[in-house]
Amino acid sequence: MTVPELTSPMVVLGIGGSGKSLILRRMLALHKTANLDPHVDADVVPSVGVDINTFPIDKNRNMVCKEVGGAMMPLWPMYLKDCAGIVYVVDVSDSFQLGASAAALRHILSLPAIRGKPVLLVLNKSDAPCLVSMEDLEATFDIDSLREENRDTMVVIKTSALSGENIEKVLGWMKGIYGLV
């Protein structure tokens, strides 16, 4: 896999309420402070459009993430053409939305613009009291076949945007895609 230019954004997708905004807020705080538990305001308003988050690398370079709100799902494909990769966020505490989330991910991964690009599947809200079992998640998303179909360019990380659990792994994955680690 070739290392993409920093001018190619990472696109963050997921259906509404999955935790995209809070994950990005935590990652930005972690990136700026190197503190694994930075204070982050967890009061988040759902993204309606596209939010652009910039992670300064040095004086002249930035890593850019485009968070495309769940309400814009029909427009997601237009943001994928020049992206470096996809971070797809799933709320693992919402059993009612899992099927829709899996279908949306399958559709995105079937698009020609995504072939060969790295994909991070973020299983968020892993600290919620009512979780969908890993067995059910693997079956609903058919994770093994997704990995096969995407030539093993897909990585899965369980997180909690609320507590900050494994947010450093998500940030590390993104930096690794750009060859910054």
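Residues numbered from 1 in each chain as written. Predicted model: local features only at pLDDT ≥ 70, side-chain atom pairs only at ≥ 80, totals over all residues. Heavy atoms only, no water.

**Looking at the side chain of N124**
So, step 1. You can see N124 is positioned in strand β5 (residues 119–124).
So, step 2. Side-chain polar atoms of N124 contact the side chain of T159, separated by 3.0 Å.
So, step 3. When near neighbours in sequence (up to four residues on either side) are disregarded, N124 contacts S18, G19, I23, V89, V90, D91, V92, T159, S160 and A161. (Helix = DSSP H or I, 4+ residues; strand = E, 2+ residues; numbered from the N terminus. Polar contact = N/O pair within 3.5 Å; in protein donor to acceptor, adjacent residues only side chain to side chain. Contact = heavy atoms within 4.5 Å.)

**Considering the side chain of S126**
So, step 1. Counting through the fold element by element, S126 comes out in the loop between β5 and α3 (134–141).
So, step 2. Of note is the side chain of S126, whose polar atom sits 2.8 Å from the backbone oxygen of T159.
So, step 3. At 3.2 Å, the side chain of S126 forms a polar contact with the side chain of E165.
So, step 4. For S126, the contacting residues outside a window of four places in its chain are V92, L131, K158, T159, S160 and E165.

**Points about helix α5 (residues 167–177)**
So, step 1. Buried within α5 are the following residues: I167, V170, L171, W173, M174 and I177. Around the axis of α5, the buried residues are gathered within 155° of arc, so they sit on the same side.
So, step 2. With its phi angle positive at about 70°, G179 sits one or two positions after the end of α5. (Buried < 20%, exposed > 50% of the residue type's maximum accessible area, 1.4 Å probe, protein only. Arc of directions from axis to C-beta.)

**Some words on unusual backbone geometry**
So, step 1. A positive phi is found at K125, a non-glycine position, where the angle reads about 70°.
So, step 2. Assignment of secondary structure puts K125 in the loop between β5 and α3.
So, step 3. Residue classification places K125 among the partly exposed residues on the basis of a relative accessible area of 26%.
So, step 4. If you check the backbone angles, N166 has positive phi at about 65° while not being a glycine.
So, step 5. Along the polypeptide, N166 turns up in the loop between β6 (154–158) and α5.

**Let's talk about the pattern of salt bridges**
So, step 1. Applying the stated criterion across every chain yields a total of 3 salt bridges.
So, step 2. It is possible to trace a salt-bridge network through shared partners that takes in R106, D142 and E149. (Salt bridge = Lys/Arg side-chain N within 4 Å of Asp/Glu carboxyl O.)

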